[in-house]
Each structure stands twice: as C-alpha cells, then as structure tokens.
Amino acid sequence: MKYIVILGDGMADYPLTELNGKTPLQIANKPNIDYIALKGRNGILRTIPDKMQPGSDVANLSVLGYDPIKYYTGRGPIEAVSLGINLRENETAFRCNLVTLESNKMKDYSAGHIDSEDAKKLIETINKELGTHSIKFYNGISYRHVLVIANNAIEKTECIPPHDITDQNIDPYLPRGEGSKILLELMKKSQEILKNHPINNKRTREGKKPANFIWPWSQGKKPKLQSFKEKFGVEGAIISAVDLIRGIGLLMGLKVIQVPGATGYYNTNYTGKAEQALKTLENKDFIYIHVEAPDEAGHAADIENKIKAIENIDEKIVGKILNEINELTENYKIAILPDHPTPIKVKTHTKDPVPVAIYTNNEKGDKVTKFDEPSAKKGALGLLEGEQFMNLFIKN
Ligand SMILES: [Zn+2]
C-alpha cells in the first residue's frame, strides 16, 4: 500500500459575499480533488486543540498523527532542527527575529523582510559579540533566526510574538518572568551592536528598514517524538518549501525531499512536487506533500490567487498523481486536506475543523460528491480529532 497526503495550507475558508456566499474551495474548478471526495470517505478534522494557537506547526503535528498537547514545545526548536542544529538536552531554542524599532515601537517584525545575505552578516556580528559557550545565534532565512541558550531558567520565560505588537510600544511586551534577565540583556546589547552596523547604514541609505533589534520568542527544548516509522510502520518522506514543516518532518524521521523551484509562494513548482512525490514512492510507502500558496493568499486576502492555488494543486499535483500512480502500485490511498483555515475575511489562521477526504482505490466511498467545507460535514467519517486522522488513514 502507498499512502499520499496532499496538504493545501490554509485552503479552507468562510463563505464570501464576493463569491455569492461560497468559499474559494466551492468556486475553484478542481475535478481531481472532487474525484477524491466523490470516490472516497469524507469528514471534518479538528487540528488545533482547544487551548492552543492555530499555527501551522501545531496543525501539521496533528495531521501527521502526533498530539500537539503532548509534543509541541515551541517554534524555536522545530526551526533549529530544520537548520541542522543538534540541540542538546540542556539547551533551549528560540525563534529570533531581526526586527525594526522606531521610537521604541515595533515598526516591523520582519525588518522589511530583510534579505538573507544582509541578515547573515548581522547575525554573524551579533554571535561574535554576544555568543558564549552557552549562548549561540544561528543564521536562518530572511528575518527568521535561531537563538540557543543552555540555561534551564530560560525555558519558562514569557515571550510575545513580535507580529502581534506591530506599531505598539514594546515595553509592556518585553520578556518577563524567570530567565528574562538574560534575554533583556541580549536584546539591549543587540541594539548597541546593530545601531551603526555597516549593513544597517547601507539599508538606511537605500531607503530600507534597518534591522536594529533582536526579538526572541516561542522557545522550547527539542521535542522527543517517536519516529513515524515506529509509530505507523511505514517509511516516509515530506515535501515542503517551509522550514517549519520540514523541521517537523525531520523530528519524526521523515526524509526531506528537495524540489527545485519550490518557493512556498504562488509561483511554486507544483508539477515538480508531484514528480518528486511519485519518484519517492518508488522506494518509500508514505509521502506528505505540503503546499503553502493558499495560506499566503489567505493572509493577503487575495481571493483570485487563493482559487488559483487550489486549481494548481488540483491539476498539477492531484491530477498528475492520479494519472501516474497506477504505474507504480495496485493499492493506494490519497488524502486531501488543509492544516487549518486561513479565511480571506480574517487574514489569519482560525481553529475551525477542516474538510478532509480519504480515497482508497479499491474501496467504496460515501455519499459526498465534492470537496468543500459544507460537503465534508455530511461525510461518513464525521468529526475526527487531531491524531485520529493519521491513525485512520494508515491503520484503517
Ligand atoms: Zn498552515
């Protein structure tokens, strides 16, 4: 048996007046995805536990069959793993943003989406000046970096995501509680180091925002996950352009497959993802294909590109796989779902359960004929909770 999960990040939505009360999934022309729903069993899946934030990390852990309440420790350690950092038992990893402050206000949580080349030089300087045997800064992509501290007090420090305090005075949102002193000192010193850094002088001259502060948040220790192979008995791989999703895969012992031209944006190489998935299935039994584009469109409130992203997933990924999978195997299962909704109206993630369809090629389906939010609710699978999905998908 071969198992294929196709995940359209943030694909689910709310009815829109611009679409005559329909959702992008209902409007998109997607014959292949609808075929999965028509021939398969359908339901809705709760991917975000009650008390947790609807992040892609939490949601994808759920979809992959791991209870986030038990296993999620923070974004920092997942990104650390995706950067190849080998976190030790006594180390805590933070996501560390390069940000722009203006008159002590959070002007930009991304320092103007600083390019990786500029960011690398800044992080290298910070690490040279502030790094010790127990404090290390690691350079990531754009504004997204990692700070690792070997100190047990730091795990419980209260930290706030910088994208939640745009244009606000930062003082009430600085790290608080146990261990915060270490962070506050690093942040203060970063300001002095970055203030007149040649890279920032150049950025200001070019009319770009300077990266004049660091902001550590979402810290945790390395989660201890049983491998996917041990848990579900199949060897698997993951395809994603997003560090956070790759990190989750690595933590589970899934092989990360590189796809040239996979960008995590509207222009991603959809066909390449399908090609690599099929190739991977020649010697592995499970593939998880993550596509970021519909989520980006949701955040941008871009209806047209959200529909287009769904249609691209339909034609270039689901269609291609349905066309070619028979050459590879006689028995297969395909599931299609989002990790969480990213509704156009709210421009951010929500916790609503998501539609899911599971197609097994030699089994009968239920009565649902289309893949969308209202149709899925009428499916035979009913409401599934978190890790139930993967158990059902692989163990039946
Ligand atoms: Zn997501």
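Residues numbered from 1 in each chain as written. Predicted model: local features only at pLDDT ≥ 70, side-chain atom pairs only at ≥ 80, totals over all residues. Heavy atoms only, no water.

Asks: How would you sum up the coordination of the zinc ion? Please name residues and give values.
Replies: The zinc ion binds to the protein through D9 (OD), D9 (OD), S56 (OG), D339 (OD) and H340 (NE2), with metal-donor distances spanning 1.9 to 2.6 Å. For the zinc ion, all donor residues lie on one chain, and their spacing in sequence is D-x46-S-x282-D-H. In this pair, D9 sits in the loop between β1 (2–8) and α1 (24–27) while S56 sits in helix α3 (residues 56–63), placing the two residues 47 residues apart along the sequence. There is no split in this pair, since D9 and S56 are both buried. (Donors = N, O, S within 2.8 Å, 3.2 Å for Na, K, Ca; no water. Helix = DSSP H or I, 4+ residues; strand = E, 2+ residues; numbered from the N terminus. Buried < 20%, exposed > 50% of the residue type's maximum accessible area, 1.4 Å probe, protein only.)

Asks: I'd love a proper account of the sheet that holds strand β12 (residues 354–360), names of residues and values included.
Replies: Pairing is mixed in the open sheet, where eight strands are placed in the order β9-β8-β10-β1-β11-β12-β2-β13. With partners counted over all chains shown, the strands left at the sheet margins are β9 (255–256) and β13 (382–385), one partner each. The pairing of β1 with strand β10 (residues 286–291) spans six bridges and is classified as parallel. Within β10, the position partnered with Y3 by the bridge is F286. Packed on one face of the sheet, helix α11 (residues 270–280) meets β8 (236–239) and β10 and runs near 170° to β10. (Pairing = 2+ DSSP bridges. Contact = heavy atoms within 4.5 Å. Axes fitted to C-alpha atoms, helices over the stretch in contact; angles between N-to-C directions.)

Asks: Lay out the pairing of β12 in plain terms, naming residues and giving numbers.
Replies: Of all seven residues making up β12, seven are buried, and the element is well covered by its neighbours. Residues V354, V356, I358 and T360 point to one face of β12 and P355, A357 and Y359 to the other, with burial holding for every one of them. Looking at chain direction, strand β2 (residues 41–46) and β12 are connected through five bridges and run antiparallel. The residue of β12 that forms the bridge with I44 is P355. Examined bridge by bridge, strand β11 (residues 332–337) and β12 share four bridges and lie antiparallel to one another. Among the inter-strand pairings, I334 is bridged to a residue of β12, identified as Y359.

Asks: Account for the side chain of S142, naming residues and giving values.
Replies: The topology assignment puts S142 in the loop between β5 (135–141) and β6 (144–150). A residue is classified by how much of its surface remains accessible, and S142, at 10% relative accessible area, is buried. In this structure S142 touches H113, I114, D115, S116 and A119, once residues within four positions along its chain are discounted.

Asks: Tell me what's going on with unusual backbone geometry, and back it up with residues and numbers.
Replies: With phi around 50°, A111 is a residue other than glycine that occupies positive phi space. Positive phi is not limited to glycine here, since S218 has a value of about 50°. Its place among the elements puts S218 in strand β7 (residues 213–220).

Asks: Describe the domain arrangement of the protein chain, listing the residues and the values that go with them.
Replies: Partitioning the protein chain into structural domains gives domain 1 (2–71 + 225–395) and domain 2 (80–220). Domain 1 and domain 2 are separated by 32 Å when their C-alpha centres are compared. (Domains from an automatic or database assignment.)

Asks: Could you give me a rundown of the pattern of salt bridges, with the residues and numbers involved?
Replies: Across all of its chains, the model carries 19 salt bridges by this definition. When the shortest N-O distance is used, the salt bridge between E235 and K284 registers 3.8 Å. Linking E235 in the loop between α9 (228–232) and β8 with K284 in the loop between α11 and β10, this pair joins segments that are 49 residues apart in sequence. Residue K284 is classed as buried on the basis of its relative accessible area, which comes to 16%. Between K320 and E324 there is a salt bridge; the shortest N-O distance is 2.9 Å. Here the residue K320 and the residue E324 both occupy positions in helix α13 (residues 303–324), the gap between them amounting to four residues, near one helical turn. Several salt bridges share partner residues, and in doing so they unite D115, D118, K202 and R203 into one network. (Salt bridge = Lys/Arg side-chain N within 4 Å of Asp/Glu carboxyl O.)

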